[in-house]
Amino acid sequence: MVYPRRASVVSCALAGLLVFVFGCSGRSRTFEGEAGSAGASGAQTGGSSGGDGAQQAAAGGGSARPGAGSGHSGTGGVRGPVGGATYTGGQPEAGGGSHDGGTESGGGGDTDAGSAGTRWIDNEAGASPSGGTGGGGGSESGGSAGSSSGGGGGTVLPNGSACAADEQCASNHCADGVCCDAACDGQCESCKQSGAVGQCKVITGDPLPARAPCAGTAPCKGQCDGTNGKACSFPDSGTVCAEATCSGGDVTSESVCNGGGACTTPSTTTCPSSLCASDGSAKCAISCTSTSCGTGSYCDTKTGACIPKLDDGDTCSANAQCTSNVCADGVCCDEACTGCSACTLALNGQGGSARDGQCLPVVAGNAAPHGACVASASAPCGQNGLCDGANGCQYPPVNTVCASPSCSGSTLTTSTCDSTHVCVPNNEPCPNSLVCASATQCKTGSCADDEDCAAGYCTAGACSTTRKVGDACGSAGECPNGYCVDGYCCNDRCDGECQTCKQSPGQCWSTTTPRTACTGTGTCGKKYCDGTHPSCVFPGAETACPDQCNAEWTAVLESTCNGSGACGAGTPDDCASSQYCSTSTNRCTNKLSSYSTACTRDVQCSSGKCCSVCVDASSDNNNCGSCGNTCGANRHCEGGGCACDHTMPAACGSTCGSWNFESGSTEGWDDMLTPGQEGYMMTNGAGNPSISSAHTAEGSYSLAVPITLTNGGAAWCGVVGVQMCVEGQATNLAGRHIAGSIYVTGSPMNLDANASVLAWGPPTDMSFETLYIMEDALQLNTWYPFNLTISESRPIDHIGIMIDPRVVDGWSGTVYIDNVRFL
């Protein structure tokens, strides 16, 4: 970017030595760097002519300011005062390289050496020249040329940062010591207001100390009004300097502010009645009216006196007060005055022969009066609050920067005002094919790596064009598609574990050699490159898995890898019924016989049960139904459950003393009582006792005894019983209690139906004791618990339960017996 050259050069006399000083007044650039060396003595004549440098006559000698590129010595100037000033080489322009600047020659015949050169900072182009060589002093010959080499740029500051010169700021505006979003040079503007540092704001009250103070004297002294940032505003006739008075019949008018910072001169008029009002007010005793005053006068309503009309330029507050009948901008005016015209010099800024009372255009650049030309922060290219000198409003010049720059990717966007007063963005690529350095500016100078280049790649500090596919490369930016793989510009990303771009340079191929070792372990878990896929894959069906036993150990599983790192489900190869699958060999092996080799699972045993060794759980008294389930004395394992021995029942002294049938067996109960053997205790109806879960008094099982009675004779009883002891081992149960529960289902019975417990001895003694559970009115489908005392004192070897339905024409049903025990 080329910044405007706005540095002023002012001659200042210091100790008899004439030097050019930057920044004596006005806005100046900031300089820094090493001073140049002092020049040789100058001559009375100017310096010798330079090459292509521009010639500029100066008081102390010519100065040369070459443009971009290499400069040359300047042309010598005419003879100047003693001690000629020096000026370094040409200001570096955008993109400036090394600059050799001209040096102004010394003037005069004295031998004073020239002062040292200075150095510019070029923020945009990146030039940071060294100081130039000083000009010649007081010798006869002209001074020699100065030099200035190019260099790197300084740092551009954002708005709100402390600064000393415009060139330090991204906005190119340094105001009030901070980088500002606008020039902000109005008398009533500030760029360092609290809460808005870096933004140009209109203030109220007195201007900042660095700006010119408001003119005028109190109470008419000017102040900043918070609206007009370019100039102070002055109190108008609404502000009274001195109140009106009436004395001796003469009224002295009030003195008010004239809108230019001063008070008006009061006038004295005699009252029509020559008398003042008696109330002490500054009024006449008899007041005039708007129509009572003659031509050339007007009625002063404050005093009641007729006052001569005012001439153009006199302070007024109403049209009727003026000879022209126009009161504008606080003075009588020669015509109506609005917009960018004003009737006072303070507002219109006119000079020369102009005077107050003439309606004249406001000088270009002055603040617009009457509320015209209102500036808006949201319209940076719109009216700026100033007049254009032709009765119109002023707008920022075309190409004025109207928004902060922005940078995205490699495109720099700057916004300027166009001829229609619209802020238009302009997009330009960053120079040297570089990318943005920040959100507001491009990178400058040379590239450091490929990322600095908008396209191509960085080589030797410069962005270069891309290579073609197949060319050797060192980074992705060198290749047209951004793929630099295995040292070649590749036709694809080619970043798979099993891909290469150097087998056929520029072409991506799958290979069997991985870039790095494939991961995984095991037959199916170790990946490999198959020459087809871009990445390592798991083995598939082409790889067989080791044989395994299935979960039941009844078959050998034969499978292959499933392509996902594991073996497939596999196909079972069933073992023979006499074999099982051994996990030590994963092969079918003959089952173990009972009580042989140690086992760990039931499937290993021919008997189907493993209790450390193979057992037959259906008949093994020590492992009946389950491991460790031992059947006690007078019990035996039958069908996987412990049952009482028929030949050694409980009542004879063993531990098998109750029958709850939870063992899953009939526990010795049988229809053992048969006609002929049991005398008149007929049992033709009882048969086949079994275990049932249909009806239970407790637990899960009861004894179910089907009974069918035929008609005729004495066939009216159904008895089921258990043999208590073997022949000759009967015991005396006198005083013992027998308890239990019965439940009867079947066809209807008579009202005197009953149920009883019978206790009797060996067949040689058929007498028995009847203990009634329900003596009559036995009901169907009802549980009857019982607890009966045996009084029979002779030996007993049988206990039976009898159902007597009291019918003679046949009956059928089932009796359920549960939880029978001796107490």
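Details of the structure are given in the entry above.
This report concerns the structure included in the present document.

**Notes on the state of the cysteines**
Here is the idea: a disulfide is a covalent bond, and it sits between the sulfur atoms of two cysteines.
Next, step 1: Applying the stated criterion across every chain yields a total of 38 disulfides.
Next, step 2: Disulfide pairing places cysteine 473 opposite cysteine 484 at an S-S distance of 2.0 Å. Taking the torsion about the sulfur-sulfur bond, which here is approximately 100 degrees, the covalent link between cysteine 473 and cysteine 484 counts as right-handed. Here the residue cysteine 473 occupies a position in the loop between strand 24 (462–464) and strand 25 (484–485), and cysteine 484 occupies one in strand 25, the gap between them amounting to eleven residues.
Next, step 3: With relative accessibility at 14%, the residue cysteine 473 sits in the buried group.
Next, step 4: A relative accessible area of 24% places cysteine 484 in the partly exposed class.

**Considerations on the environment of threonine 264**
Next, step 1: Position of threonine 264 among the secondary structure elements: in the loop between strand 12 (255–256) and strand 13 (268–270).
Next, step 2: The exposure class of threonine 264 is buried, given its relative accessible area of 16%.
Next, step 3: Put simply, threonine 264 and cysteine 316 are 52 residues apart on the chain and 9.5 Å apart in space, counted from C-alpha to C-alpha.
Next, step 4: For threonine 264, the residues in contact, after removing those within four places along its chain, are Glu254, Ser255, Val256, Asn258 and Thr315.

**Overview of the pattern of salt bridges**
Next, step 1: Taken as a whole and assessed by the stated rule, the structure comprises twelve salt bridges.
Next, step 2: Measuring nitrogen to oxygen at the nearest pair gives 3.7 Å for the salt bridge that ties aspartate 206 to lysine 221. In this pair, aspartate 206 sits in the loop between strand 7 (204–205) and strand 8 (224–225) while lysine 221 sits in the loop between strand 7 and strand 8, placing the two residues 15 residues apart along the sequence.
Next, step 3: Its relative accessible area of 49% is what places aspartate 206 among the partly exposed residues.
Next, step 4: Taking relative accessible area as the criterion, lysine 221 reaches 32% and is therefore assigned partly exposed.
Next, step 5: A salt bridge links arginine 515 to aspartate 486; its shortest N-O distance comes to 2.6 Å. Taken together, the residues arginine 515 in the loop between strand 28 (507–510) and strand 29 (548–549) and aspartate 486 in the loop between strand 25 and strand 26 (488–489) connect sequence positions 29 residues apart.
Next, step 6: By relative accessible area, arginine 515 is classed as partly exposed at 37%.
Next, step 7: Linked by salt bridges that have partners in common, Asp185, Glu189 and Lys230 make up one network.

**Some points on the packing of aromatic side chains**
Next, step 1: Per the counting criterion, the structure on display carries two aromatic pairs.
Next, step 2: Aromatic side chains tyrosine 743 and tryptophan 783 sit 5.1 Å apart centroid to centroid with 45 degrees between the ring planes, which places their arrangement in the tilted category. Pair noted here: tyrosine 743 is in strand 43 (residues 737–746) and tryptophan 783 is in strand 46 (residues 783–789), with a separation of 40 residues, a long-range link.
Next, step 3: Taking the centre distance of 6.1 Å and the plane angle of 65 degrees together, the rings of tyrosine 743 and tyrosine 816 count as edge-to-face. Of this pair, tyrosine 743 sits in strand 43 while tyrosine 816 sits in strand 49 (residues 811–822), and the two are 73 residues apart along the sequence.
Next, step 4: Through successive ring pairs, a cluster of aromatic residues spans Tyr743, Trp783 and Tyr816.
Next, step 5: Positioned over the ring face of tryptophan 553 is arginine 601, at 4.5 Å from the centre of the ring.

**Considering the layout of surface pockets**
Next, step 1: Size it by volume and the second largest pocket reaches roughly 650 Å³.
Next, step 2: Every residue lining the second largest pocket is counted, 30 residues in all, and those nearest its centre are Tyr298, Leu310, Thr315, Ser317 and Gln321.
Next, step 3: With four residues, the single largest contributor to the lining of the second largest pocket is strand 14 (residues 297–300).
Next, step 4: Split by residue class, the lining of the second largest pocket holds eleven nonpolar, 14 polar and five charged.

**Describing the sheet that holds strand 30 (residues 555–558)**
Next, step 1: The sheet built from three strands is open, its strands ordered 29-30-31 with antiparallel pairing. The sheet terminates laterally at strand 29 and strand 31 (571–574), the two strands that pair on one side only.
Next, step 2: Across two bridges, strand 29 lies against strand 30 in antiparallel orientation. By the bridge assignment, glutamine 548 is partnered in strand 30 with leucine 557.

Criteria and cut-off values
- Residues numbered from 1 in each chain as written.
- Predicted model: local features only at pLDDT ≥ 70, side-chain atom pairs only at ≥ 80, totals over all residues.
- Heavy atoms only, no water.
- Disulfide = S-S within 2.5 Å.
- Helix = DSSP H or I, 4+ residues; strand = E, 2+ residues; numbered from the N terminus.
- Buried < 20%, exposed > 50% of the residue type's maximum accessible area, 1.4 Å probe, protein only.
- Contact = heavy atoms within 4.5 Å.
- Salt bridge = Lys/Arg side-chain N within 4 Å of Asp/Glu carboxyl O.
- Phe/Tyr/Trp six-rings, centres within 6.5 Å; stacked < 30°, edge-to-face > 60°.
- Lys NZ or Arg CZ within 6 Å of the ring centre and 35° of its normal.
- 1 Å grid on protein atoms, 1.4 Å probe; cavity = no way out; pocket = protein on both sides within 12 Å on 5 of 7 lines; lining within 4 Å.
- Points joined across faces, edges and corners; volume = space filled by probe spheres on them.
- Nonpolar A, V, L, I, M, F, W, Y, C, P; charged D, E, K, R; others polar.
- Pairing = 2+ DSSP bridges.

This is a description of form; function is not addressed.
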